[in-house]
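Listed here are the chains, written in short residue letters.
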Amino acid sequence: MTTTAHSAATDAPGRTTADGPAVVVDDLRQHYGDFEAVRGVSFEIRPGELFALLGTNGAGKTTTIETLEGFHRPTSGTVRVFGEDPYGQPAAIRERTNAVLQGSGLLEDLTVRETVDLARDLAARPRGTEEVLDTVGLTDKRGIAVRQLSGGQKRRLDLALALVTTPEVLYLDEPTTGMDPEARIDTWRIVSELKRDGVAILLTTHYLEEAERLADRLAIMHRGRVRVEGTLTSVLEGWGDRVAFAVPEDVRTADLPGLEGADLSVETRDQTLWATYTVRDGDVAERAHRAVAALLSWAGERGTTLRHLQVRGASLEDVFLSVADGAADLV
Amino acid sequence: MSPTTATTTSAPTTRPSPSRFRRTLRLTRTEFTLFVRYKTAWWILSMPLLMLFLTFQIPSYELMDGVSSVDMALAGVMGTIGVFVGVGHASNVFTARRESLVLKRLRVSGVPPLVIFGATTAIIVFFSLLAAVAMVALIALMTGQTPRDPLMLAVAVTLNAAVMTMVGLLITPYVRNSESAQMVSVLPMMGLFFLGGVYVPLDFLPDGAQRVVELLPVAPTAQLAQAAYSGYDVFDGFAGAESASYLGLWAAALPSVAVMLVWITALALLVGRVFRWDPRQP
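Rules used in this analysis
Residues numbered from 1 in each chain as written. Chains lettered and ligands numbered in written order. Predicted model: local features only at pLDDT ≥ 70, side-chain atom pairs only at ≥ 80, totals over all residues. Helix = DSSP H or I, 4+ residues; strand = E, 2+ residues; numbered from the N terminus. Buried ≥ 20, exposed ≤ 12 C-beta atoms within 10 Å, placed from the backbone. Pairing = 2+ DSSP bridges. Axes fitted to C-alpha atoms, helices over the stretch in contact; angles between N-to-C directions. Domains from an automatic or database assignment. Expected span 1.5 Å × (residues − 1). Arc of directions from axis to C-beta. Contact = placed C-beta atoms within 7 Å. pLDDT = per-residue confidence, 0-100. Parallel < 35°, antiparallel > 145°, perpendicular 65-115°, else oblique. Left-handed = near helix turned anticlockwise from the far one by under 90°. Nonpolar A, V, L, I, M, F, W, Y, C, P; charged D, E, K, R; others polar.

Colleague: I tried to follow the overall build of chain B on my own but got confused; where do I start?
Modeller: When its secondary structure is counted, chain B shows 11 helices and two strands. The order of α-helices and β-strands along chain B, N terminus first, is α-α-β-β-α-α-α-α-α-α-α-α-α. Along the first, second and third principal axes, the C-alpha atoms of chain B reach 80 × 40 × 30 Å. Evaluated residue by residue, chain B yields a buried proportion of 49% over its 282 residues.

Colleague: Looking at this model, I keep getting lost on the sheet that holds strand β10 (residues 241-246) of chain A. Mind explaining?
Modeller: Within a sheet, each strand pairs with its neighbour through backbone hydrogen bonds, oriented either parallel or antiparallel. All names here are of chain A. The sheet built from four strands is open, its strands ordered β11-β12-β10-β13 with antiparallel pairing. Strands with a single pairing partner mark the edges of an open sheet, and in this sheet they are β11 (262-269) and β13 (307-313). Strand-to-strand twist of the sheet, defined as the mean angle between neighbouring strand axes without regard to direction, takes the value 20°. Sheet topology places β11 next to strand β12 (residues 272-279); eight bridges connect them, and they run antiparallel. Bridging across to β12, Glu-267 finds its partner in Trp-274.

Colleague: Can you help me understand the domain arrangement of chain A in this one?
Modeller: How big an interface is tends to be stated in terms of the accessible area lost upon association of its parts. Taken as a whole, chain A is organised into domain 1 (23-235) and domain 2 (241-313). Distance between the C-alpha centres of domain 1 of chain A and domain 2 of chain A: 42 Å.

Colleague: Can you walk me through the environment of Glu-179 of chain B in this structure?
Modeller: With respect to the helices, strands and loops of the structure, Glu-179 of chain B is situated in helix α8 (residues 178-194). Here the alpha-carbon distance between Glu-179 of chain B and Thr-95 of chain B, two residues 84 residues apart in the chain, equals 9.0 Å.

Colleague: Is there a simple way to explain helix α1 (residues 20-37) of chain B in this structure?
Modeller: An α-helical turn contains 3.6 residues, so a residue and the one three or four places further along point in the same direction. Taking 1.5 Å as the rise per residue, α1 of chain B with 18 residues should run 26 Å; its terminal C-alpha atoms sit 26 Å apart, in good agreement. Among all positions in α1 of chain B, only Arg-23, Thr-24, Leu-27, Thr-30, Glu-31 and Phe-35 of chain B are buried. One side of α1 of chain B carries all its buried residues, which in axial view fall inside an arc of 145°. Looking at α1 of chain B, the residues exposed on the side facing more than 90 degrees away from the buried face are Phe-21 and Val-36 of chain B. Residues of α1 of chain B that are buried in the fold lie against α3 (112-122) of chain A together with α2 (39-55) and α6 (113-143) of chain B.

Colleague: Where do I start with the confidence of the model for chain A in this structure?
Modeller: Confidence in the prediction of chain A, expressed as mean pLDDT, is 88, and 92% of residues score 70 or more. Segment residues 327-331 of chain A is flagged for pLDDT under 50; beyond a separation of four residues in sequence, or across chains, it makes nine contacts in the model.

Colleague: When you look at the packing of α1 of chain B against α6 of chain B in this model, what are you seeing that I'm missing?
Modeller: Working note: a packed helix pair is described by the angle between its axes plus the distance between those axes. All names here are of chain B. Contact geometry of α1 with α6 gives a least axis separation of 8 Å together with a crossing angle of 50°. Considered as vectors, α1 and α6 are oriented oblique to each other. In this structure, the crossing between α1 and α6 has a hand that is right-handed. Between α1 and α6, the contacting residues are Arg-20, Arg-23, Thr-24, Leu-27, Thr-28, Glu-31, Phe-32 and Phe-35 on the first element and Leu-114, Val-115, Ile-116, Gly-118, Ala-119, Thr-120, Ala-122, Ile-123 and Phe-127 on the second. Residue composition of the contact of α1 with α6, grouped by class: 10 nonpolar, four polar and three charged.

Colleague: Help me understand the pairing of β10 of chain A, please; the structure alone is not making it clear to me.
Modeller: Remark: a regular strand shows side chains that alternate across the two faces of the sheet. Relative to β12 of chain A, β10 of chain A runs antiparallel, the two being bridged by six bridges. Residue pairing for β12 of chain A: Ala-246 of chain A is matched across the bridge by Trp-274 of chain A.

Colleague: What exactly am I supposed to notice about the pairing of strand β6 (residues 169-173) of chain A here?
Modeller: All names here are of chain A. Of all five residues in β6, five are buried; the element is thus mostly enclosed. By the alternation rule, side chains of β6 split into Val-169, Tyr-171 and Asp-173 and Leu-170 and Leu-172, which are all buried. Pairing analysis gives four bridges linking strand β5 (residues 97-100) to β6, with the strands arranged parallel. Its bridge partner being in β6, Ala-99 is matched across the sheet by Tyr-171. As defined by bridge partners, β6 adjoins strand β7 (residues 200-204) across five bridges and the pair is classed as parallel.

Structure representation (C-alpha cells):
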C-alpha cells in the first residue's frame, strides 16, 4: 500500500486549518439530575494528535465522548468539532467523524463482508472493503456471520467500520478491550498510521501502556474532573523518579538519610524493609543520578551495602493510582 | 491482522456524498436481508394471516348487496396488517438494536435518523404489502372475491404500516430489552386491532365513540380496505352504503387518507423527540 496523506486541513468552507484544533472542549459540565458526571473539563485535539482520556470507572470519560459524538447537549460549557456544535450530529460534521464504541454495535445476522459493505456504501468518503478487512486482519473471516466472531475479532471489525468511512476525527472508547496482545499491538500500529494521516483522535483506555505508547497528550479524570493533564513526559516528570533499596539490617529507619528535594517512604515487602525516595526537585535529566550518588556516598561512609538498588522514573500507573486515591474502583 | 499491510493509508474514494434517498435505499436492502434471516420477523408476519383464518369463522350475514360481514371483516384485516408487522417488528428490532449499540454505531458513522427510520418503515411497508398479496390470493381462493380497487387497498396497507411503525418506535423508549418490547407491544397491537372496526362494525358503537374510533389510526385504513374490496362507500358505515364510481370512491376516501397522514406526521415528530439511541440511562 502506498502512503497518501489525508489531512483534516482543507480549504473548504467551515473546515479546520492545519494549525487549528479539530476538537475543542471548554469547561464542559454534564448534570444528570443532582449528579454532576462531568465537572468543568477542557481540552483540545489537533489534526494528527492523539489525546488520551484516562480515568477510573464513572470518571466521566464516556459522557465526555458521547457529548462530542452529539448525543448530549452540554449542561454548561461548550464543545466544538470543526468549529460546530456536534449536538444532534449536524450534516457539517457527521460525515467527518466516527467512533469505536465501548461495546460492539454490530448486526449479528450479517456476514463480516456485508457489515463493512453497508458502512462503505453509506459513507461519503469510503475506503475499499477488502483493503479495510486486510488492515484489521479479517480477510479470511469475511464470509462468516458476525455472531460467529470472537470478542477480539468483533473489536477488529468495529475498528474496520470506523476506518472505512475515512474519518478526520475519531473517538476510540476502549478500542482494544477483548483483543489478544498481538491484535492490540496491530491496532496500535493502525492508530499510529491514522495519526500520521492527520486524524485527530480521542482515546479512552484502561490499558495504561496503550496511552503511554500512543498519546501525544493525556488527561486523567477522576469523579468528573481532570486531575492531571499534559504530555506523557511532563506528567511523569511532575511525579518524580524513584530510588529504592532494601534497608540494611544494621540500619534503623531513623538513620536513613534525608535527600534534598526527595520524599522518603518505608514499607515492608516480603518481610523485607524497603526505603523508597521519590525525587521530584532538580534537573529532570540529572536528579536520579544526584540522589543515587548521595545515597551511595552515605552507604560508603557507613560501610554498608544498598541491596537490590532500583532506580526508575514514575510510570503512568503510579500517576494514575495516585489520582484514583488508591484506585479501589480501577478495572 | 496483516503483518505487512497493516496500514490505513490508501486514498479514500472520492465521490459525491450519497443522498439521503440513496442511503435509505441501501439500508433498506440490508433491512430486507435482516428481515429474511430473522425468524421472529416471520412469526410476526404470520400473525395477520392467522387473523385471516380466524375471520373465516365469524358469523356471516349480508351487510350490503352481495357483500357479507365476513367479506368486510376479511378486507378489514388486510387494512390492519401493519398493526402486527409495524408495531411488533419495529418495537422488537429497534429495542434490540439500541441495547446492542447498533443504532448508536450507525449514528456515530454519520447515518441520519431519517435514513434509519425510513429504511425500517420501507421494509415494513414492503412485507405488509407482500402479506397483503398473499391474503388477496387466499381470499380469492376461498371466496372468489378480489379487490375492486387494488390501488386503494395498497394505499390502505401502506398507510397503516407506516403509522404502526411509528407506534412501534414509540414503544422502544419505555422498554429495556426486546423481550419486554414483544410483551408490551401486544397491548397496543390488540387494542388497535379490535378498535379498527374489523370484527365489530363501527355502526354498532354509540355516535360519540364511533367518531373517536374513526379518528384513531386503524379504522380509516380498515375502511379504505373495505371500500377497496367492495367498491361501496363505507366511510360513513355499512348502513346505507352505496356502490361508488372509481373517482367517487377515492373522493370519499380522502378524509381517511388525510387522517392517516396527520397521524404519520404527528407520530414521526413525537418519535423524533422521545426516541432513545443509547442504552445508557442518565
